[in-house]
Amino acid sequence: MRFLYTIGLHLYALLLRLVAPFVPKAAQWTAGRRGLLPHIQATLAAETAPLVWFHCASLGEFEQGRPLMEAYAAEYPAHKIVLTFFSPSGYEIRKNWPGADYVFYLPLDTAANARAFLTAVQPRLAVFVKYEFWYYFLTELQRRQVPTVCVSAIFRAEQVFFKPWGGFFRRILSRFTHIFTQNQASRELLQQAGIAQASVAGDTRFDTVVRTAEASARVLPLVEAFTDDWAPVLIVGSNWPEDMPVLTPLLQQYQNELRFIVAPHEISETNLRLVEAALPGQVVRYSQASPATVAQARVLLMDNVGLLSQLYRFGHFAYIGGAFGKGLHNTLEAAAFGLPLFFGPTYHKFQEAQDLVAMGCAFPVSSPEELLKVFGSLFHREEARLQVQDLSLDYVHDHSGATRKIMRWIGEMVK
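Below is a summary of the structure that appears in this document. Note that the coordinates shown come from a computational prediction; the quantities given were computed from them, not determined experimentally. (Residues numbered from 1 in each chain as written. Predicted model: local features only at pLDDT ≥ 70, side-chain atom pairs only at ≥ 80, totals over all residues. Heavy atoms only, no water.)

1. A few points about the sheet that holds strand S1 (residues 51-56)
- Spatial ordering of the open sheet is given by S3-S2-S1-S4-S5-S6-S7, a layout of seven strands whose pairing is parallel. This sheet does not close on itself; its edge strands, each paired only once, are strand S3 (102-105) and strand S7 (198-200). Taken pair by pair, the neighbouring strands of this sheet meet at an average axis angle of 20 degrees, ignoring direction.
- Lying on the sheet, helix H9 (residues 184-192) is in contact with strand S5 (148-153), strand S6 (178-181) and S7; it crosses S7 at an angle near 165 degrees. (Pairing = 2+ DSSP bridges. Helix = DSSP H or I, 4+ residues; strand = E, 2+ residues; numbered from the N terminus. Axes fitted to C-alpha atoms, helices over the stretch in contact; angles between N-to-C directions. Contact = heavy atoms within 4.5 Å.)

2. Here's the deal with helix H7 (residues 135-143)
- Residues of H7 that are buried include every one of Tyr135, Tyr136, Phe137, Leu138, Glu140 and Leu141, and no others.
- Where H7 is buried, its residues meet helix H1 (2-19), S1, helix H6 (111-121), strand S4 (123-129), S5 and helix H8 (167-174).
- Following H7 by one or two positions, Gln145 has its phi on the positive side, about 60 degrees. (Buried < 20%, exposed > 50% of the residue type's maximum accessible area, 1.4 Å probe, protein only.)

3. A word on the side chain of Arg175
- Within the secondary structure layout, Arg175 lies in the loop between H8 and S6.
- The side chain of Arg175 sits in the buried core without any salt bridge; Glu140 is the nearest counter-charge, 9.5 Å away.
- A distance of 3.2 Å separates a polar atom in the side chain of Arg175 from a polar atom in the side chain of Thr139.
- There is a polar contact of 3.2 Å between the side chain of Arg175 and the backbone oxygen of Arg171.
- Sequence-distant contacts of Arg175, defined by excluding residues within four places in its chain, comprise Tyr135, Leu138, Thr139 and Gln142. (Lys, Arg positive; Asp, Glu negative; His and termini not counted. Salt bridge = Lys/Arg side-chain N within 4 Å of Asp/Glu carboxyl O. Polar contact = N/O pair within 3.5 Å; in protein donor to acceptor, adjacent residues only side chain to side chain.)

4. Considerations on the sheet that holds strand S10 (residues 283-285)
- The seven strands are arranged S10-S11-S9-S8-S12-S13-S14 in an open sheet whose pairing can be described as parallel. The two strands at the open ends of the sheet, each matched to only one other strand, are S10 and strand S14 (362-364). On average, each strand axis in the sheet is tilted by 20 degrees relative to the strand beside it, whichever way the strands run.
- The pairing of strand S8 (residues 233-239) with strand S9 (residues 259-264) spans six bridges and is parallel. Looking at the pairing, Val233 lines up with Arg259 of S9.
- The strands touched by helix H13 (residues 269-278) within the sheet are S8, S9, S10 and strand S11 (299-301), with S10 carrying the most contacts at an inclination of about 150 degrees.

5. Regarding unusual backbone geometry
- Even without being a glycine, Gln122 presents a positive backbone phi close to 50 degrees.
- Checked against the element boundaries, Gln122 lands in the loop between H6 and S4.

6. Quick notes on the pairing of S4
- The buried fraction of S4 is high, at six of seven residues.
- With four bridges joining them, S4 and S5 adopt parallel strand pairing. Looking at the pairing, Val129 lines up with Val151 of S5.
- Viewed along the sheet, the connection from S4 through H7 into S5 turns out right-handed. (Right-handed = clockwise from strand over helix to strand, strands pointing away.)

7. So, the pattern of salt bridges
- In the structure shown here, the tally under the stated rule is 17 salt bridges.
- Through salt bridges with shared partners, one network takes in Glu269, Arg273, Glu276 and Arg285.

8. A word on H8
- Within H8, the full set of buried residues consists of Gly167, Phe168, Phe169, Ile172 and Leu173.
- Where H8 is buried, its residues contact H1, H7, S6 and H9.

Next up, the structure:
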């Protein structure tokens with residue numbers, strides 16, 4: 001199985017190199033690893049401070065790991081943080097994040113790369129966020145007796161780790177010193193699979209969204225001008241093209257009663273024009289807007305990145321994209337402001353989404369007609385919307401605190 005794992009990784013890297021001329025993300029992935037290990041070695045050669053390594057697959061995992069990295073930096077100011085990403089979606093956006101001292105792509109998981117990387121970094125602690133179970137890196141960390149923890153992990157019974165033939169992958173999990181899961185069900189799955197070094201801490205993203213909601217609000221003059229008439233606002237966060245057929249009838253029906261702020265997941269001309277086509281003449285792009293033009297528009301189209309978490313404070317409702325395709329995007333950022341949530345049917349892999357649906361704070365839909373019906377039931381009943389707001393706020397605050405639990409364990413490992 002290890003042979004097949006290694007061959008599979010090399011084939012994956014080869015495929016990305018082949019499609020790189022045609023796929024921008026593949027090109028970034030390939031270019032980012034060209035000369036990577038010598039670059040890491042040269043960059044860290046003169047570093048004398050203790051280093052701790054945090055690894056995130058992409059941007060979503062970064063947001064989960066962020067409160068832990070910030071807590072670590074505050075607790076151990078003499079240490080320095082090395083942050084790695086597997087995906088360009090995380091690295092390209094956060095490569096200049098000031099909370100990390102060094103930010104790199106993760107080298108491909110081979111025995112030689114793992115040895116070279118860990119020799120260069122010499123980490124006192126390794127933290128993997130949610131996913132990313134790399135055999136050679138974890139094996140080498142264990143061999144070097146580096147405390148290694150996985151945080152905000154969530155597991156499901158259908159995953160390969162829990163299949164009769166999943167012994168190789170269970171051995172990967174056994175390399176962790178400890179695994180902090182999001183829920184009790186994940187911990188029980190691990191224990192049934194013979195992985196005893198696990199406990200429930202919760203999801204560190206709750207700490208991020210609580211802090212964002214409570215922090216001093218960023219001044220956004222154009223958004224404030226857009227919402228200045230006090231009309232209700234629907235925030236559309238991280239929508240994909242697959243979401244637009246469901247959203248468009250809602251935009252059209254409520255264009256005189258609502259204002260809409262739309263932040264697509266990917267900022268491309270094609271995606272921007274899909275939104276503009278939903279309400280022709282009623283959409284203004286953020287980069288082209290002025291206080292006068294936003295006041296006249298019904299849709300403010302965000303053609304930038306990095307503001308979505310700040311936008312939810314202007315909202316009364318939120319539609320979260322992705323659940324008509326590969327999977328739902330971040331619901332907690334909106335729930336932290338008490339917004340009723342609407343999204344597509346592919347949400348069951350996300351514990352917080354399941355919880356919010358069960359509580360009546362989030363509403364999965366499968367068609368435009370269903371979205372119009374369930375949205376209307378809240379839009380025309382203000383007391384129901386306020387009840388959802390209270391329930392969502394209580395849920396988010398009650399589930400915060402994972403960072404504190406994990407930091408207590410880390411403190412025992414690095415003291």
